[in-house]
Amino acid sequence: MQRIVRLPLLLLSFVLFLAGCGEASAPEPFGALPSARQQEWHTMQYYAFIHFGPNTFTDMEWGHGDENPEVFNPSELDARQWVRTFKEAGMQGVVITAKHHDGFALWPSAFSDYTVRESEWKDGQGDVLRELSDACKEYGLKFGVYLSPWDRNHPQYGTDEYNDVFKSMLTEVLTSYGDVFEVWFDGANGEGPNGKKQVYDFPGFAEVVRTHQPGAVIFSDAGPDIRWVGNEQGYSDTTSWSTLNIEDFYPGIGGKNDELLHGQQGGSAWLPPEVDTSIRPGWFYHKDQDDQVKSLDRLIDTWYRSVGMNANLLLNIPVDSRGLVHENDAARLLELKAYLDDAFDTNLANNVEMGATADAGSSRGRGFEEERAIDGDLETYWATPDGENSGAITVQFDELTEVNAILLQEYIPLGQRVTDFTVQVMKDGLWQEVASGTTIGNRRIVQFPRESTLSVSVKINALAPITLANLEVYNTPDR
Ligand code: FUL
C-alpha cells in the first residue's frame, strides 16, 4: 500500500528534477517582430541592382517613353556573364529594372506594345527576364524585379484601368520566371503621355505579390516588408531601428528621409532598411562614366555603412550597351570581394586555436549561456534574465591577439532591443574603451584602432532582456 502511494510522489519529484535540468524559458518577444520572409531577407547581405533598358542606348536616366523601342539592341547580351560576375563578387541575388519609368518592358508583355518584342534585339524574340532568371538558377543566385508604377509610355496611365494593366504586368513577371525574392516598387509618380498622374493602388499591387510570390519581400518607402533608407548615396546610420510607424508612410512620400534613415524606436511595424546605391554616378550605363566607377575605398565604406549598419546593400551595376557588365565595374567588384575575404575570413571569437571563450556576468540559464553568442549559430543566443536589461559579455583569448573590429547581431525573431553599447579591450590589466555605438539590430560592425589584447568586452543596454545571437571579432587589413 505504502509503495503505491510513494510511486506517484517519486515520479513527480523525478519530473520536477528533469524540469530543473531543462532549458530556461526564452524571453518574451519585444515590440514589432519580423515575418518569416523578412527574416529570410535579413540573412542576405549584398546583392546586385541592374538598370537596363532604352536609356542604356540613348544615354538617358529617365526616358520619356517615346523613344523608338528599336533602340534597345544589345550586341552581345550575356546574362550568364552578369550573374557569374555577381557570384564571384560574393553577391546573393539580383534585382533588375523589368520596367523603368519609360514603360519599356524587358519581357514581351501582352499588356504593352513597348517591350523587347518591339525592339531590334533578337528580332523581337528575346526576353531579358528569361535569360537572367535562367542564369540565376544556374548559378544559385536569387532573382528579383523592379517595376516602376510610373509609366511614361502606357496610353492608359492616368486612368483607373492602368492599375489593372500594372497588376497584369506584375502577374506576368511573378508567374513566368520561378521564385522571386524581392519586388522593388519605385514611388515616383509623374505624368503619363496624356499629361495625367496616376493614383496608384499600392495595396492591390501588394496583394498580387502575396498571391503569386508569398515568399518575396516588397520594397518601397513604406514597405510593407523593407524600406528605403532615405538616400541614394549608399549609407544607413549608426542608429538604425528596424521598426517604423508604417501608418505614417506611403510609397513616394517626400520629406521624411531622416525617419527612413534611422527608423523609429518602438515603431508599429518591422520595416528594416535596404541601402540602394550605384557603383557609378548614374543608375543607367553611360560610356562617359566608364572611368567614374567608385573607388575601392568608397565601396568598402559603403559596405560598412550598409551591411555593417543593420541594412542590406543593393549595389547597382548598370549593364552596358553591349549587354555586359563592364570590365571596370567587374574588376572593382572583385577587389571589394578580396578585401571582404581578407577582413572577415577569420572570426577570432570562435577560433579554437586562439582558445577563445565567452564570459558574461549572468544569463537566463541553460540554453541561453554566453557561449551561444560565439557558437557561429544564429539560431542560438545569449539572453539575460527578466528584469536585467543591461549586461556585459567578454571574449577571452589564450594569447595576445590583434583586433580592430567587432560584429554584433541581436536575435531579431524576438524583436530589436539594444539602445547602446560600448566596446572595451583589456590593456595593461585595465579596461580601455575603444568604441561605442547605439543600436545593433540584425547586424552592426564597429571598427576601432588596432589593439593587441587578451580580451574584448561589450557592455550593452537594452529596452528588455538582451538577446545576442552573434559576437564576432576581427583583425581587418589596413586600407
Ligand atoms: C529612383 C528612380 O527615379 C531612379 O531612376 C532609379 O531607378 C532609382 C533606383 O530609383 O526613384
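Every value quoted in this text rests on a predicted model; they were computed, and no experiment measured them.

## With respect to the overall build of the protein chain
When helices and strands are counted, the protein chain shows ten helices and 17 strands. Its C-alpha atoms give the protein chain a radius of gyration of 26 Å, within 12% of the compact-globule value 23 Å for 479 residues. Judged by the C-alpha coordinates and their principal axes, the protein chain covers about 90 × 60 × 40 Å. Counting only residues that meet the buried cut, the protein chain has 57% of its 479 residues in that class. Counting contacts in the protein chain only where the partners sit at least 6 residues apart, residues at least 24 apart contribute 77% of the total.

## Describing the site of the ligand
Taken together, Phe-49, His-51, Trp-62, His-100, His-101, Tyr-146, Trp-184, Asp-186, Glu-232, Asp-276 and Trp-283 make up the full set of residues near the ligand. His-100 places a side-chain nitrogen or oxygen 2.9 Å from an oxygen atom of the ligand. With respect to the ligand, the side chain of His-101 contributes an N or O atom lying 2.8 Å from an oxygen atom. Protein contact buries 88% of the 290 Å² of open area that the ligand shows by itself.

## Some details on the side chain of Glu-67
Note on placement: Glu-67 falls in the loop between helix H3 (55–58) and helix H4 (79–88). For the buried residue Glu-67, which engages in no salt bridge, the nearest side chain bearing the opposite charge is Arg-152, 7.0 Å off. Here Gly-65 takes part through its backbone nitrogen, which lies 3.0 Å from a polar atom of the side chain of Glu-67. When sequence neighbours within four positions are dropped, the list of residues in contact with Glu-67 reads Thr-58, Met-60 and Tyr-114.

## Things to note about the pattern of salt bridges
Summed over the entire model, instances satisfying the criterion amount to 21 salt bridges. A salt bridge links Arg-37 to Asp-225, with the shortest nitrogen-to-oxygen separation between them at 3.8 Å. Here Asp-225 lies in the loop between strand S5 (217–220) and strand S6 (226–228) and Arg-37 lies in helix H2 (residues 36–42), a separation of 188 residues in the sequence. Taking the relative accessible area as the measure of exposure, Arg-37 reaches 22% and is therefore partly exposed. For the salt bridge of Glu-369 with Arg-372, the shortest nitrogen-to-oxygen distance reads 3.0 Å. Salt bridges sharing partners connect three or more residues here, namely Arg-280, Lys-287, Asp-290 and Asp-329.

## Observations regarding helix H6 (residues 160–176)
Spanning 17 residues, H6 covers 25 Å between terminal C-alpha atoms, matching the ideal 24 Å at 1.5 Å per step. Those residues of H6 lying buried are Tyr-162, Asn-163, Val-165, Phe-166, Lys-167, Met-169, Leu-170, Glu-172, Val-173 and Leu-174. In the core, the buried residues of H6 are packed alongside strand S2 (93–99), helix H5 (128–139), strand S3 (142–147), strand S4 (182–185) and helix H7 (202–212).

## Observations concerning a negative patch on the surface
Together, Asp-359, Glu-371, Asp-375, Asp-377 and Glu-379 line one region of the surface with negative charge. Examined against the element boundaries, Glu-371 turns out to sit in the loop between strand S11 (357–360) and strand S12 (382–383). Taking relative accessible area as the criterion, Glu-371 reaches 41% and is therefore assigned partly exposed.

## Considerations on the sheet that holds S3
Sheet strands pair by backbone hydrogen bonding; their relative direction is either parallel or antiparallel. The eight strands are arranged S1-S2-S3-S4-S5-S6-S9-S10 in a closed barrel whose pairing can be described as parallel. Sheet twist, expressed as the average angle between the axes of neighbouring strands with direction ignored, equals 25°. Pairing geometry for S4 and S5, over three bridges, is parallel. Of the residues in S5, the one forming a bridge with Glu-182 is Val-217. Relative to S2, H5 is tilted by about 175°, and along the sheet it contacts strand S1 (46–50), S2 and S3.

## Overview of the pairing of S1
In terms of burial, S1 is a largely internal element, five of the five residues being buried. Pairing between S1 and strand S10 (residues 312–316): four bridges, direction parallel. Following the sheet pairing, Ala-48 is matched in S10 by Leu-315. For S1 and S2, the ladder comprises three bridges, and the chain directions are parallel. Note on S2: the bridge partner recorded for Phe-49 is Val-95.

## Topic: the domain arrangement of the protein chain
Domain annotation of the protein chain identifies domain 1 (36–343) and domain 2 (348–474). Once you take the C-alpha centre of each, domain 1 and domain 2 turn out to be 35 Å apart. Each partner contributes to the interface: domain 1 provides 21 residues, whereas domain 2 provides 18 residues. When the buried surface of domain 1 facing domain 2 is broken down by residue, Trp-241, Trp-270 and Tyr-304 rank first, second and third, together holding 31% of it. Taken together, the connections running from domain 1 to domain 2 amount to zero salt bridges. Viewed at the interface, domain 2 and domain 1 are joined by 15 residue pairs in polar contact (both at pLDDT 80 or more). Counting only elements with at least two residues in the side of domain 1 that touches domain 2, the list comes to H2, helix H9 (296–304) and helix H10 (327–344). By residue class, the composition of the side of domain 1 that touches domain 2 is ten nonpolar, eleven polar and no charged.

Calculation notes
- Residues numbered from 1 in each chain as written.
- Predicted model: local features only at pLDDT ≥ 70, side-chain atom pairs only at ≥ 80, totals over all residues.
- Heavy atoms only, no water.
- Helix = DSSP H or I, 4+ residues; strand = E, 2+ residues; numbered from the N terminus.
- Rg over C-alpha atoms; globule rule 2.2 N^0.38 Å.
- Buried < 20%, exposed > 50% of the residue type's maximum accessible area, 1.4 Å probe, protein only.
- Contact = heavy atoms within 4.5 Å.
- Near = heavy atom within 4 Å.
- Polar contact = N/O pair within 3.5 Å; in protein donor to acceptor, adjacent residues only side chain to side chain.
- Areas by Shrake-Rupley, 256 points an atom, 1.4 Å probe, with all protein chains shown as cover.
- Lys, Arg positive; Asp, Glu negative; His and termini not counted.
- Salt bridge = Lys/Arg side-chain N within 4 Å of Asp/Glu carboxyl O.
- Expected span 1.5 Å × (residues − 1).
- Patch = residues over 30% accessible without salt bridge, like charges linked within 9 Å, V, L, I, M, F, W, Y side chains within 5 Å.
- Charge placed at Lys NZ, Arg CZ, Asp CG, Glu CD.
- Pairing = 2+ DSSP bridges.
- Axes fitted to C-alpha atoms, helices over the stretch in contact; angles between N-to-C directions.
- Domains from an automatic or database assignment.
- Buried area = accessible area lost by both parts, 1.4 Å probe.
- Nonpolar A, V, L, I, M, F, W, Y, C, P; charged D, E, K, R; others polar.

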